[in-house]
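Here's the letter readout for the chains.
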Amino acid sequence: MNGTGVADAPLLRQDTRFLLLYALALAGGAVAYVPFLTILLPMQLAGMTGADKVEWLAYATFAGAVTASLANIGFGWLSDLTRSRVPWIVTGLVSSSLVLVAFGQIDEPGTLIALLVVWQCTLNMMLASLMAWAGDCVPDHQKGLLGGLMAISPAAGALATTLITLPGLASPQERLWLVALLVAGCIGPALLFGAPRRFPELTASRPGADEAAVGTPLPANPALIRMWLARLLIQVSEAALFAFLYFWFRSVDTAMDDARIAQVFGAVLVCSIPVSIAAGRWSDRMGRPFLPLPIASGIAALGLLLMAWSSTLPGAIAGYAVFGLAATVFLSLHSAQTLRVLPSPEKRGRHLGFFNLTNTTPSLVMPWMVVTIEPLFGFSGLFVVLAFCAMAAAALLATIRART
């Protein structure tokens, strides 16, 4: 009931069909880059450059991260100007797939990096518009569920990597085609059959938006700034673990080969899906959209401390499981709730592009952070520093409130 004694109108909800198909499409976005950047690109560069493979991979990583950052902002902005996401998603899907399969024809590292820049542009044409599409279609009272479903993406990326590298399944060129087909199979259904219900209020200008911030990258909104910083801190921790997990596990027990580490990594990602969905649905029902975020980042800090104190393989696996589960839940729910705090729907794509810097920047700064800390204090010292990052993220989000 409202203050006049009249029953409140029921909240309109986006169709479950669209939410599920959108989650599949977002998983396709992860499949588009995870297998290529983690396995296929390093393997191809190693075959071209031999002893110089690490140096060339560093150049490729840097060029790719810078291009992805700028392209995501630019194409998000363009999709805002055209007030349409689907054409950009379709164009990005087709063009990125064509560029991806072209990598199989490259045999020189400089040309490969140039093509990588082109691929990142086409890929982020698709990814920027795909993420903004959720903000156009999913109302606030379903964003917890949306965030939970987003946890499917990292698991899908890991599963696709495992699939395409199965011995004897495909040649290097065929792996590129297989990735392109998987991506199309994931994203196509949402484009063809999603048919989302329209919510005009999600794309209408908000009278309360900070007009003084016009022309600035992100408005000076305290909640927005805290969300950005908190995600950056968690992403730094996750990027460090993603890059050096193999070396750390091997330092604890040399019996941990790449296959066993991949199994642990994949199991954590799969387990994070039901946990994320449950946490997201709970936050929707309780009207506490941000509460799971500081809880998850606090648990991630605990996992990092357990890793710092672990000297046995079971303890190391347990610590990583706690961290990996909590970090994935945090990042998935954070992605959805970010859409809640963006003040200007007509600039949603561009603003999300600046939020995407929290995903790409850690790849540039994290290696220097690790090579500075790890030689002096070991992995334990590194994990303690990362735990403080996660605790700082929890503190930033502990008092954030939902927009009413």
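Residues numbered from 1 in each chain as written. Predicted model: local features only at pLDDT ≥ 70, side-chain atom pairs only at ≥ 80, totals over all residues. Heavy atoms only, no water.

Section: the overall build of the protein chain
Reasoning step 1: When you go through the protein chain residue by residue, the secondary structure sums to 13 helices and zero strands.
Reasoning step 2: Starting at the N terminus and walking to the C terminus, you meet the elements of the protein chain as α-α-α-α-α-α-α-α-α-α-α-α-α.
Reasoning step 3: Viewed in the frame of its principal axes, the protein chain has a C-alpha envelope of about 75 × 45 × 40 Å.
Reasoning step 4: Relative to its 404 residues, the protein chain shows a buried fraction of 51%.
Reasoning step 5: Of the contacts formed within the protein chain by residues at least 6 apart in sequence, a portion of 83% connects residues at least 24 apart.
Reasoning step 6: Where the 23 positive side-chain charges of the protein chain centre and where its 20 negative ones centre are 11 Å apart. (Helix = DSSP H or I, 4+ residues; strand = E, 2+ residues; numbered from the N terminus. Buried < 20%, exposed > 50% of the residue type's maximum accessible area, 1.4 Å probe, protein only. Contact = heavy atoms within 4.5 Å. Lys, Arg positive; Asp, Glu negative; His and termini not counted. Charge placed at Lys NZ, Arg CZ, Asp CG, Glu CD.)

Quick notes on the pattern of salt bridges
Reasoning step 1: Under the counting rule described, the total for this entry stands at seven salt bridges.
Reasoning step 2: Note that Arg 85 is salt-bridged to Asp 80, the shortest N-O span being 2.9 Å.
Reasoning step 3: Since its relative accessible area comes to 7%, Arg 85 is described here as buried.
Reasoning step 4: Between Arg 85 and Asp 136 there is a salt bridge; the shortest N-O distance is 2.7 Å. Taken together, the positions of Arg 85 in the loop between α2 (53–82) and α3 (86–102) and Asp 136 in helix α4 (residues 109–137) put the pair 51 residues apart, joining distant regions of the chain.
Reasoning step 5: Take Asp 136: its relative accessible area is 14%, and that puts it in the buried class.
Reasoning step 6: A network of salt bridges, in which partner residues are shared, links Asp 80, Arg 85, Asp 136 and Arg 348. (Salt bridge = Lys/Arg side-chain N within 4 Å of Asp/Glu carboxyl O.)

Comments concerning the packing of aromatic side chains
Reasoning step 1: For the structure shown, the criterion picks out 12 aromatic pairs.
Reasoning step 2: The interplanar angle of 90° and the centroid separation of 5.1 Å between the aromatic rings of Trp 248 and Phe 383 together place this pair among those described as edge-to-face. Of the two residues, Trp 248 sits in helix α8 (residues 222–252) while Phe 383 sits in helix α13 (residues 357–397), which places them 135 residues apart along the sequence. The burial state of Trp 248 is the same as that of Phe 383; both residues are buried.
Reasoning step 3: For the pair Phe 249 and Tyr 320, a centre-to-centre distance of 6.2 Å together with 75° between the ring planes defines the contact as edge-to-face. Of this pair, Phe 249 sits in helix α8 while Tyr 320 sits in helix α11 (residues 313–341); the two residues are 71 residues apart in sequence, bridging distant segments of the chain.
Reasoning step 4: With a relative accessible area of 5%, Tyr 320 lands in the buried category.
Reasoning step 5: A connected cluster of aromatic rings, assembled from ring pairs, spans Trp 248, Phe 249, Tyr 320, Phe 379 and Phe 383. (Phe/Tyr/Trp six-rings, centres within 6.5 Å; stacked < 30°, edge-to-face > 60°.)

Details of the packing of helix α5 (residues 143–150) against helix α6 (residues 152–164)
Each pair of packed helices can be summarised by the angle the axes make with each other and by the distance between the axes.
Reasoning step 1: Remark: α5 packs on α6, axes separated minimally by 5 Å, with the N-to-C direction vectors making an angle of 15°. With respect to α6, the axis of α5 lies roughly parallel. Residues Gly 148, Leu 149 and Met 150 of α5 pack against Ile 152, Ser 153 and Pro 154 of α6.
Reasoning step 2: When the residues that make up the contact of α5 with α6 are grouped by side-chain class, the tally is four nonpolar, two polar and no charged. (Axes fitted to C-alpha atoms, helices over the stretch in contact; angles between N-to-C directions. Parallel < 35°, antiparallel > 145°, perpendicular 65-115°, else oblique. Nonpolar A, V, L, I, M, F, W, Y, C, P; charged D, E, K, R; others polar.)

Concerning unusual backbone geometry
Working note: non-glycine residues mostly have negative phi, and peptide bonds are mostly trans.
Reasoning step 1: Notably, Arg 83 is not glycine yet its phi reads approximately 55°, a positive angle.
Reasoning step 2: Taking the relative accessible area as the measure of exposure, Arg 83 reaches 63% and is therefore exposed.
Reasoning step 3: The phi torsion at Ala 195 lies on the positive side, around 40°, for a residue other than glycine.
Reasoning step 4: One can find Ala 195 in the loop between α7 (172–193) and α8.

A short note on the confidence of the model for the protein chain
Reasoning step 1: When pLDDT is averaged along the protein chain, the result is 88, and 92% of the positions lie at 70 or above.
Reasoning step 2: Ranking the helices and strands of the protein chain by mean pLDDT puts α3 first, with 97, and α13 last, with 84.
Reasoning step 3: Across residues 1–9, confidence stays below pLDDT 50; counting only partners more than four residues off in sequence or on other chains, it has four contacts.
Reasoning step 4: Within the model, pLDDT remains below 50 along residues 209–215, and this stretch shows six contacts once partners closer than five positions in the same chain are excluded. (pLDDT = per-residue confidence, 0-100.)

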